[in-house]
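# Coordinates in review
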Amino acid sequence: MEKLDLKALIARAHDACASVASANVAGCGAPGKKPLRDQLDDDLLLFGIYLADADEGVDDDEAALICTCLGRTETAEVRREICDHAKLSDAFAARVPESLKYFVLADAGKKVAGHADSGRMAMICYDAFEVFGQTMLASRRRDASDAAVARFTSYVGMLEKFIREYACWRPVSQKGYAVVEPAAADDETEEQKQAKLEELLGELNALVGLEAVKRQVASLVNLVRVQKMREALGMAAADVSKHMVFLGNPGTGKTTVARMLAQIYKYLGVLRTGQLVEVDRSGLVCGYIGQTATRTAEVVDQALGGVLFVDEAYALTVGKGDGDFGQEAVDTLLKAMEDHRDDLVVIVAGYTDLMEQFLSSNPGLRSRFSNFITFEDYTADELMRIFEQNVAKREYVLSAAARDRARELIESRVAHKPENFANARDVRNLLEHAIANHATRVIALGRKNPGKKLLSTLEPEDLEDWQ
């Protein structure tokens, strides 16, 4: 999941300014108007001053912090100018920044085409304000006052409301979660849907290993199918709990199976859209009062109609003391599971022991989950099969000697299971390591036309020095 620091976010916003400014957005670049980039910088500056002035005045340290955050050259004159801007009127807090208006107009009018962030210009601008404000609060020379936190929460809330009013609210991956959109069309016939369901179940059964997982998923699918048949005949149907707990070590296929389940449930008629939203603690928990509930609710909104997959869910509650907001995220999730019981499937995942602690942290948690699926570690034979499948997908081949060496390395890793053992992730790392070594070896030969065999064949030496 992509995460951007403030410097990178502002650079991205500046890049967006150039695109919006050249897109013929009404009023942007008109005679007498500031260039959009300058307007954005000024709007951010005033926001920083507004936060700093929450405790009655802006001092030199706060002025210097604003300069650092915004990449402005810090001089005595600049600091004095910032301090003189203090005591912004109450109207400032309710006034949408001029720069954001142009970003929203660009998105709403689909003015920016062919850009990587087309349709998300307003979100880039919003993120710059939000992360700048968070950085200000976290970096102050003294603890952020309640007044500063309240100003921050109110201001970014006003920005969000404005963006939503124009239907331009499209959170992106830097918010701490990833969305896997369904590939299916909405106008599929019933026959096409059934064919796709069988195809998905076939893909699940074709996965290496995971035999117990496959049996449990098949049981759940059969249960849902029978209840659907009963409903069709006007018979009473049991309320099938679809929320799940995935238990197991890293690299055992938990995320892969969750993605398949999202689609399987869609084609069973259990979910409307079948997208999977993958998130961890960093995508749910914020460091300021009230923000965690808002962020968690935002993630839930993205998942409605599909599956919310919370990886390493135990991190929300394990080892956290007073002042941590992980429990606030859990409480918000519990309410969402109740409010959207027919339109949301939640899967929580993590290490077996730590997930037991997580489920015991809240009386309402365990009762929400009735399906527990354990993902066992792969055997050496299974990891070798996964390795060979990945080699073929990358259009490489193993020499006989390289195959033997790969098996030795994998068997040794499984037998000793170092602290960082990660199952299928390990063999993917082994392949990346081998491909890099292979490239170095081929280039060192100095051949102009090395040929397909040399360019595709991995040898034992390519596998050496794997950590």
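As shown above, the structure is provided for reference.
Read on for a plain summary of the structure. No experiment lies behind these values; they were computed from the predicted model shown.

Glancing now at the overall build of the protein. Counting secondary structure elements, the protein contains 19 helices and 8 strands. Counting contacts in the protein only where the partners sit at least 6 residues apart, residues at least 24 apart contribute 77% of the total. For the protein, the exposed area adds up to about 22800 Å²; of that, 49% sits on carbon and sulfur atoms.

Sheet faces and side chains relate simply in a regular strand, where the side chains alternate between the two faces. Among the 6 residues that make up strand 5 (residues 345-350), 6 are buried, leaving the element largely enclosed by the rest of the structure. Residues of strand 5 alternate between two faces, with V345, I347 and A349 on one and V346, V348 and G350 on the opposite face, all of them buried. Across 4 bridges, the pairing between strand 2 (residues 244-248) and strand 5 is parallel. When the bridges of strand 5 are listed, M244 appears paired with I347. Pairing between strand 4 (residues 307-310) and strand 5: 4 bridges, direction parallel. Each residue of the ladder has a partner; that of F309, found in strand 5, is I347.

Before going further, it helps to spend a moment on helix 13 (residues 326-339). Its 14 residues place the ends of helix 13 20 Å apart at the C-alpha level, agreeing with the 20 Å of an ideal helix rising 1.5 Å per residue. Inspection of helix 13 places G326, A329, V330, T332, L333, L334, A336 and M337 among the buried residues, and these make up the whole buried set. In this structure, the buried side of helix 13 is in contact with helix 11 (281-284), helix 12 (291-303), strand 4, strand 5, helix 14 (352-359) and helix 15 (363-368).

Only a minority of non-glycine residues have a phi that is not negative, and only a minority of peptide bonds are not trans. With a phi close to 50°, E312 is a non-glycine residue in the positive phi region. Its place among the elements puts E312 in the loop between strand 4 and helix 13. On the basis of relative accessible area, E312 is assigned to the partly exposed category, the value being 42%. Phi angles above zero are rare outside glycine, and K417 is one such case at about 40°. Topologically, K417 is positioned in the loop between helix 17 (400-416) and helix 18 (424-445).

Definitions and limits used
Residues numbered from 1 in each chain as written. Predicted model: local features only at pLDDT ≥ 70, side-chain atom pairs only at ≥ 80, totals over all residues. Heavy atoms only, no water. Helix = DSSP H or I, 4+ residues; strand = E, 2+ residues; numbered from the N terminus. Contact = heavy atoms within 4.5 Å. Areas by Shrake-Rupley, 256 points an atom, 1.4 Å probe, with all protein chains shown as cover. Buried < 20%, exposed > 50% of the residue type's maximum accessible area, 1.4 Å probe, protein only. Pairing = 2+ DSSP bridges. Expected span 1.5 Å × (residues − 1).

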